[in-house]
Amino acid sequence: MTNPSCIEAPLPKGVSDFLPETADKITFIADSIHRVFELWGFRRMITPLLEFEHVLALGMGDELRSKTFRFDDRQTGRLLAIPPDITPQVARIVATRMHALPLPHRIYYSGRVLRQAQMQSGKSREIFQSGVELIGLDSPEADAEMVAMAVEVLKNLGFTGFKIDLGQVEFYRGIMDASGLSAEVQKQLQEAISKKEVSAVRSILESAGAPDRVKEEIALLPRLYGGREVLQEARSIAGNERSLRALDNLAQVVDILDIYGVAEHLTIDLGEIRGLDYHSGITFEGFVPGVGEAICSGGRYDDLTAKYGYPAHATGFAFNILALLASMSKRPEVEASSSRDFLIFNRKDERREALEVAQKLRRLGYTCARDIIKRDFDSSLEYAKKMNIRLLLVIGAEDCAAGQLYLVRVADRQSITVSEEELFDKDLDLKFDLQGENHG
């Protein structure tokens, strides 16, 4: 239903309003993620919405820089930027504000970033990120910890059948460095390999006149996908020490993940070369059934904090919360997160009892609003239904004695009369779903 007197108020393409019901679901998902982060010993950091562009650019590769929103600062005359990713901000803060503190730093964050997107792509320019950065450890166990945490979050959110794709960018770099191919040919191959276009890879190699050994190694990259057997297959064709070291590192990470008991969720993808200008070792992406994009991604980035004058090993990852929302918004527990417990409908002229009851319910951990507008019972019940409130509590109902309250379940209008003592007894099961997850 539209308001004919409403002014035209369009939004820029690629951004959205999130109304309360959707915002509740986003909050539910983010809170679930943050609980896991905190259980693993990570502490929250809040980063600024604006940065000086030349400072932020130090921590970004060409791809991220091309997606950054920039504008002039009237106060300083300098160029400002809205961050397209939070990790470079964390790297800057650690390097410039936290370098005197002992390592490692276990940091998590949650926020929105903006990225330029092609108008015809239909992609959102606004991304909700919740992620972690583990700074100061050069260890396969640190990389494994990131993957294990991602798996724990997805399990806690109720996902099954999901996969974490593991890659190692140093394996690819070793193959390319040893190939002797020109930078232009390598760029063409990178694009074809990233799209898993085996025939295009072979065509590029033929045109470049690559030696047979190089053809064999590179042509196999898009097909190095599967279980642990991929490591052995890759080792049989890798003819350089850099790639072999990368495989050793990946094997160590997989061994540790076996201890975590998450092997069933892992696949190895040595043709995955996302983030070549950013990552320096293990990379990974998480995928859930029914969603075509990664719902989380990350990896090792040992060179980032050094760009701000503080060399430190680092690894991390982030969840795309809107991608998670798309895959689970209709699940019962997420739907329940957008509901509220009580709406108080007061039929008495005096408001004291209504306010006191509301306060007591909130102290017990229930959400409780009072219907301050004067209206009839049916109108109040209809309002509660539209606002996704589960229970209507009537004070001063006609058939209730002193100290009694009338309780109506909004969904089906089933009702019961209770005393105040019964209402405030947290062990009472009124069969009205009072012991749900929406209260403490």
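Rules used throughout
Residues numbered from 1 in each chain as written. Predicted model: local features only at pLDDT ≥ 70, side-chain atom pairs only at ≥ 80, totals over all residues. Heavy atoms only, no water. Buried < 20%, exposed > 50% of the residue type's maximum accessible area, 1.4 Å probe, protein only. Helix = DSSP H or I, 4+ residues; strand = E, 2+ residues; numbered from the N terminus. Pairing = 2+ DSSP bridges. Phe/Tyr/Trp six-rings, centres within 6.5 Å; stacked < 30°, edge-to-face > 60°. Polar contact = N/O pair within 3.5 Å; in protein donor to acceptor, adjacent residues only side chain to side chain. Contact = heavy atoms within 4.5 Å. Axes fitted to C-alpha atoms, helices over the stretch in contact; angles between N-to-C directions. Salt bridge = Lys/Arg side-chain N within 4 Å of Asp/Glu carboxyl O.

**Quick word on the pairing of strand β11 (residues 296-300)**
Note on strand geometry: in a regular strand, side chains alternate between the two faces of the sheet. The element β11 is largely enclosed, with a buried count of four among its five residues. With four bridges joining them, strand β10 (residues 282-287) and β11 adopt antiparallel strand pairing. Within the sheet, the bridge partner assigned to Gly286 lies in β11 and is Cys296. Direction of pairing for β11 relative to strand β12 (residues 314-320): antiparallel, over a ladder of five bridges. Within β12, the residue paired with Gly298 across the bridge is Phe317.

**Details of the packing of aromatic side chains**
In total, this model carries eight aromatic pairs according to the counting rule given. Relative to Phe319, the ring of Phe317 has its centre 5.5 Å away and its plane inclined at 70°; by these criteria the two rings are edge-to-face. Accessibility classification places Phe317 together with Phe319 in one group, the buried group. Taken together, a centroid distance of 6.1 Å and an interplanar angle of 65° make the contact between Phe345 and Phe377 edge-to-face. With a gap of 32 residues between them, Phe345 in strand β13 (residues 340-346) and Phe377 in helix α15 (residues 377-386) connect regions that are remote in the sequence. A residue is classified by how much of its surface remains accessible, and Phe377, at 23% relative accessible area, is partly exposed. Members of the aromatic cluster, connected to one another through ring pairs, are Phe37, Tyr108, Phe284, Phe317 and Phe319.

**Here's the deal with the side chain of Gln129**
Following the sequence through the fold, Gln129 ends up in strand β6 (residues 126-135). There is a polar contact of 3.4 Å between the side chain of Gln129 and the backbone nitrogen of Ile86. Apart from the residues lying within four places of it in its own chain, the contact partners of Gln129 are Asp85, Ile86, Tyr109, Ser110, Gly111, Val113, Arg115 and Phe319.

**Overview of the sheet that holds strand β16 (residues 404-409)**
The strand order across the open sheet formed by five strands is β14-β13-β15-β16-β17, and the pairing between neighbours is mixed. Each edge of the sheet is formed by a strand with only one pairing partner; in this case those strands are β14 (368-370) and β17 (415-419). Ignoring which end each strand starts from, the neighbouring axes of this sheet average 25° apart. Bridge count between β13 and strand β15 (residues 389-395): six bridges; the pairing is parallel.

**Concerning the pattern of salt bridges**
Counted according to the given criterion, the structure contains 28 salt bridges. Close ionic contact of Lys25 with Glu335 constitutes a salt bridge, the shortest N to O distance being 3.1 Å. Within this pair, whereas Lys25 is found in helix α1 (residues 20-39), its partner Glu335 is found in helix α13 (residues 332-337), the two being separated by 310 residues in sequence. Classification of Glu335 by relative accessible area gives partly exposed; the value is 24%. Across the pair Glu356 and Arg352 runs a salt bridge whose closest N-O atoms are separated by 3.6 Å. In this pair, Glu356 and Arg352 both sit in helix α14 (residues 352-363), four residues apart, roughly one turn of the helix. Classification of Glu356 as partly exposed rests on a relative accessible area of 37%. The exposure class of Arg352 is exposed, given its relative accessible area of 54%. A single salt-bridge network, built from bridges that share partners, covers Glu170, Arg173, Asp177 and Arg242.

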